[in-house]
Structure formats: C-alpha cells, structure tokens
Amino acid sequence: MLTLLAAPAEPATSAGDAQLVVAALLGIAAVVVLIAWGKVHPFLALILGAAVLGVVAAMAPDTMIESFSAGVGSTVGGVGLLIALGAMIGGLLAESGGADGIVNRVVGRVSGTALPWAMAGVAALIGLPLFFEVGVVLLVPIVLLVSLRTDVPLMKIGIPALAGLSVLHGLVPPHPGPLVAISSLNADLGLTLGLGLIIAIPTVIVAGPVFGNFIARYVPATAPAALLPTRQPTTTGGGRRGPGSPAAGRESDGRDAGRGPAGDDDLLTDDDLVNPGSGRPGAPVDDSGTETARRTPRFWPAVLTVLLPVVLMLLRAVGELTLADGTLARQTLDIAGAPIVALLAGVIVAMFTLGYQAGFSRSQVSSVLGGSLPPIAGILLIVAAGGGFKQVLVDAGVGDLVADAAKDANLSPLLLGWLVAVGIRVATGSATVATITAAGIVAPLAATLDRPGVALLALAVGCGSLFFSHVNDAGFWLVKEYFGLTVGQTIKSWSVLETIISVVGFAGVLLLDLLL
C-alpha cells in the first residue's frame, strides 16, 4: 500500500526457514481466530498476532517491540495523516450538503444498472494519480450516499470503485510499485504505461462491475451508521423526521427533543457545532438558538474541491515524467503534489467553498472539521496495528525467505516474477515490498527479453503484488472498517477481488506476450 516498510539489512532472528514459515502461519492464524472466534477487537488481535509471530520466530522481545512500533509509526505517519485530512474534506462535503448535490447529479444522470460501471470508471480515473488509501477516503462518502439513495446494494457499487483504485495502484505508473519495477528492470516507461492501461481496462471490468454484481448476492453489507456522510434533516413540528430522510420511520434520539421550529432543517448553531454531540460528520445537529442561514454549495465547486488533491498529485506525476530534476517547476510540483500537502490544500479550499460559502461561521467550520475525526479513530488504530504486524513479518525475514525459495526455480521470467510477488504479498501484506523484491529477483532475466517483454515482466510483477490481500495488509482493515464488513465478508469480497485482479491481469500479460 502507501507506506513502504523496508526490510532490515539482516533478519531480526536467526530462526531457520521452517521455523519462520510456522511463525508466519501461526501469527496469521492467531489474528483470524481471535477476531472470528474469540470476538477480540481487531486492534488487539493484530497486536497479539504479531506477538505470537515474534515469539515463535525467536525474536528478542525488545526487537519485536521496536519492530512493531516502527510499523505502527510508519503507517500512521503515512496513511493515518491522509485518512484524517481526507475525512475532514468528507465532513465538510457532507455537512454543507455538497455531497448530496453530487449524489443527486450522479443518480439523476446515471441509471441503476449503469451505476457500477460509472463508479468503476470514476475510480479508475481518480485512481490514476492517487494512492489507494487516498482514493478510498475520497470515494467512500460518495459510494455510501449513492447506495443509500438508490437502494443499490453497497457491494454492487463499492466493489467496482475498489477495483478501479486497486488496478491503477498496482499496474499503472506513477504509482510507486510500477515505477520501482520499471526502474529495476530498465523497462520503457511509456510502453509499460500503455500496456498497463490495455490490461487495466478488462481487469477493472471483470473485477469491478461483473464481480460486484455477483458478490453482492452473498455479502449483504450495510454501510456503518457512524460513517454515513449524510446531512440528515432535523425534526419538524411534532419531533418527527421528514419523509425523505434516510432515518425516516426510526425513533428520534435524545438530540431530537426540543428542536427549533419547523423549517429550520438547514440551520446550524455555533454552540452545537462547537460541542457537536455525536462528533461525526453527517450527524443531525441541534438547530435551536442562534441560527445561521445555510446555502447548499453548487455542484461544480463541490466537485472541483474534491478533485483538487487529485489534480495536484497528477501534476506532480506529470512533472516527474517530463521535468528535469532540480528545476524550480519540478521542485514546486514535488511539494504541491505530495499527498499530505495536496490533501491539506483540499481541506483549506473546502473550508471556503464548502464551509463559509455554505453560510458556516469560523467556529462552525472548525467544529465540523473536529467532528469528522472521532469516527475514524478506530479505523486509524486498526490500520496502524496492521502496519505493525506487517513490519514484524518483514523484519523476521519472512519476505526474504519467500524470495530465496524462488531464486533457483526453473520458470518463465513472467511466471517467476508473478509467483515471487504473490508469495511476498501474501506473506508480508505489502504490495510495494512485493514489487521491489520480485523485480530485484527477476532483474537479471530482463536482459534476455525484448522491450515489450521487459515491460510485460514489470506488469507481471505488479499483478502478483495484488494477490489475496488478507489480515496482514493495512488495506484489508481499511476496507473492512469503511464498509462495515466482518472479517469473513471482507475475505469473500475484498480478498477475492484482489485475487481476481491479480489473476485476470496476469492472464492479460500472458496474452499480450503471445501477441507481441
């Protein structure tokens, strides 16, 4: 995923190969059993699973703790900040009514059967410059709202969105994995980009709308109430919600009592936003007291605000490909297009286009931003613990073990690159580490291939790096929490989705190898 956790120069344990294999299997099994059978919170299960892995692998206690802490810190420092900034944009988008406007336009222009295809296309477009985690944070509010408004199963439109993001992340530069593979193998970037897009299109179709339509029958997912980015109408008159409310028909909670007069549904108060009650974006707010008139943002300002981080990161990617190092333009784009800077710029712009433009005061904008953070606290901890678990795997030498076992295999370069990436991906949970390691192993074989062959080798490695995301991947927990799934449901949907992408993408590589 986004954060690259590099393996140490030497493994943190002297355990033999068999012992490392047993340690990895027991560590992963401990996580699964604790969550699925013991009903232990995933955050604690990941910590305990890492401890089991470290103990069985004979890691020193202080080394194991340092390894896990380093993984947590690296993940929070990279993924965590992006999630928080993206959630702030989502909070303003929801509370201002901008998300409602986007959903109304999408639902009004696209029919129900075309929605999964539209989501896959939008995700693939946005996923071109975005890291996977950033794309998830920006797209999930729209996915949840579209599902809510159209009564289309969440998985039916969520899977295509995830497929579009994941395929672009693993196969198409300027994402770090493909770029590293291209560099290690001395592949032609333009040729790899073109072939990657050719492979990406059918892969997104099969793994997205086609698989989403199938798995929606078996994974009846419901969006987490705490993450629904919907500005729900307040009570009217007799304390009931309007008929168009998503919460219509449900009993009012304690905050509904004593609301202001009817017709005040789009009014916020400074006091309520400074003390936002539930502390989550989309929660009904108390309108009684001093009111400030609300104005729903226009469609295009809302869309452009969401796309601003995408554009900045895309410009940085273009600069990396076209501008020389050290030039002022290149340095400017490198800074402005850094994910943290781009999302921070998006938050600042959203404060004006979605906050002040909607009639919010400064304290109200501040409170909406603050209220968007509590709902993601659990997600951040789980994703961070997943990063710590992954780092213990890497530091124990599990990734090196898989790589060494494949070095002497008498296989086709394309198949070898794919299999090595698959093994390291499953063992460590890191697509980027899998890509770097696999590309390094097969790099000597690239000299025997022609230009298209080297480009396809880079893509084969990228396909393998996406195989079967599971509990040791921070992205697994990100998807699980954002879509409100159980571990079993996440494996059935997300893990199978990643496997389909890997297999279908590699089949495309083999087909192009026959044609070129």
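Check the entry above for the structure.
What this report covers is the structure whose coordinates are included nearby. Everything quoted here is computed from the prediction, not taken from an experiment.

1. Some words on the overall build of the protein chain
Right, on to step 1. Scanning the protein chain from terminus to terminus reveals 21 helices and zero strands.
Right, on to step 2. Of all 516 residues assigned to the protein chain, the portion counted as buried reaches 55%.
Right, on to step 3. A fraction of 80% describes how many contacts in the protein chain between residues 6 or more apart in sequence connect residues 24 or more apart.
Right, on to step 4. Total accessible area on the protein chain stands at roughly 20200 Å², and carbon and sulfur atoms take up 66% of it.

2. Section: the packing of helix α19 (residues 451–464) against helix α21 (residues 487–515)
Right, on to step 1. Relative orientation of the contacting elements α19 and α21 amounts to 165°, with a least axis distance of 8 Å. Between α19 and α21, the angle falls in the class roughly antiparallel. As for how α19 packs across α21, the hand of that crossing is left-handed. Here L456, L459, A460, C463 and G464 of α19 come into contact with α21, specifically with S502, G505, F506, V509, L512 and D513.

3. Some points on the nonpolar core
Right, on to step 1. If you look at the biggest cluster of nonpolar residues, it comprises 141 residues, and the most contacted ones within it are M155, W477, Y482, F483, L497 and V509.
Right, on to step 2. Take this core: its biggest share by element is twelve residues, from helix α3 (residues 61–95).
Right, on to step 3. In contact with W477, not counting residues within four places along its chain, are V31, I35, P42, L46, I382, V383, G386, V471 and V487.

4. Some points on the environment of L168
Right, on to step 1. Here L168 lies in helix α7 (residues 154–171).
Right, on to step 2. A relative accessible area of 5% means that L168 is categorised as buried.
Right, on to step 3. Excluding anything up to four places from it in sequence, L168 contacts A124, G127, L128 and H175.

5. Comments concerning the packing of helix α5 (residues 115–127) against helix α6 (residues 132–150)
Right, on to step 1. Put simply, α5 and α6 touch, their axes get as near as 12 Å, and they point 170° apart. When the interaxial angle is binned, α5 and α6 end up roughly antiparallel. Residues L115, M119, V122, A123 and I126 of α5 lie in contact with α6, whose contacting residues are L139, I142, V143, V146 and T150.

6. Some words on the packing of aromatic side chains
Pairs of aromatic rings are described using the distance from one ring centre to the other and the angle between the two planes.
Right, on to step 1. Under the criterion given, the structure shown has eight aromatic pairs.
Right, on to step 2. Between W418 and F467 the ring centres are 6.0 Å apart and the planes differ by 90°, which places this aromatic pair in the edge-to-face class. Remark: F467 occurs in the loop between α19 and α20 (474–482) and W418 occurs in helix α17 (residues 413–428); sequence separation between them is 49 residues.
Right, on to step 3. Ring pairs connect the aromatic residues F211, F214 and Y218, which therefore count as one cluster.

7. A short note on α6
Right, on to step 1. Between its terminal C-alpha atoms α6 stretches 26 Å, which fits the 27 Å expected from 19 residues at 1.5 Å a residue.
Right, on to step 2. The largest bend in α6 amounts to roughly 40° and is located at L139, with the proline P141 lying one to four residues further along.
Right, on to step 3. A large share of α6 lies buried, amounting to 16 of its 19 residues.

8. Quick word on unusual backbone geometry
A negative phi holds for most residues other than glycine; trans holds for most peptide bonds.
Right, on to step 1. One non-glycine residue, K39, lies in positive phi territory at about 55°.
Right, on to step 2. Here K39 is to be found in the loop between α1 (17–36) and α2 (42–56).
Right, on to step 3. Unusually for a residue other than glycine, A58 sits at a positive phi of about 65°.
Right, on to step 4. Residue position: A58 is located in the loop between α2 and α3.

Reading the values: the criteria
Residues numbered from 1 in each chain as written. Predicted model: local features only at pLDDT ≥ 70, side-chain atom pairs only at ≥ 80, totals over all residues. Heavy atoms only, no water. Helix = DSSP H or I, 4+ residues; strand = E, 2+ residues; numbered from the N terminus. Buried < 20%, exposed > 50% of the residue type's maximum accessible area, 1.4 Å probe, protein only. Contact = heavy atoms within 4.5 Å. Areas by Shrake-Rupley, 256 points an atom, 1.4 Å probe, with all protein chains shown as cover. Axes fitted to C-alpha atoms, helices over the stretch in contact; angles between N-to-C directions. Parallel < 35°, antiparallel > 145°, perpendicular 65-115°, else oblique. Left-handed = near helix turned anticlockwise from the far one by under 90°. Core = buried A, V, L, I, M, F, W, Y, C linked by side-chain atoms within 4.5 Å. Phe/Tyr/Trp six-rings, centres within 6.5 Å; stacked < 30°, edge-to-face > 60°. Expected span 1.5 Å × (residues − 1). Bend = angle between axes of the 7 residues up to and from the residue.

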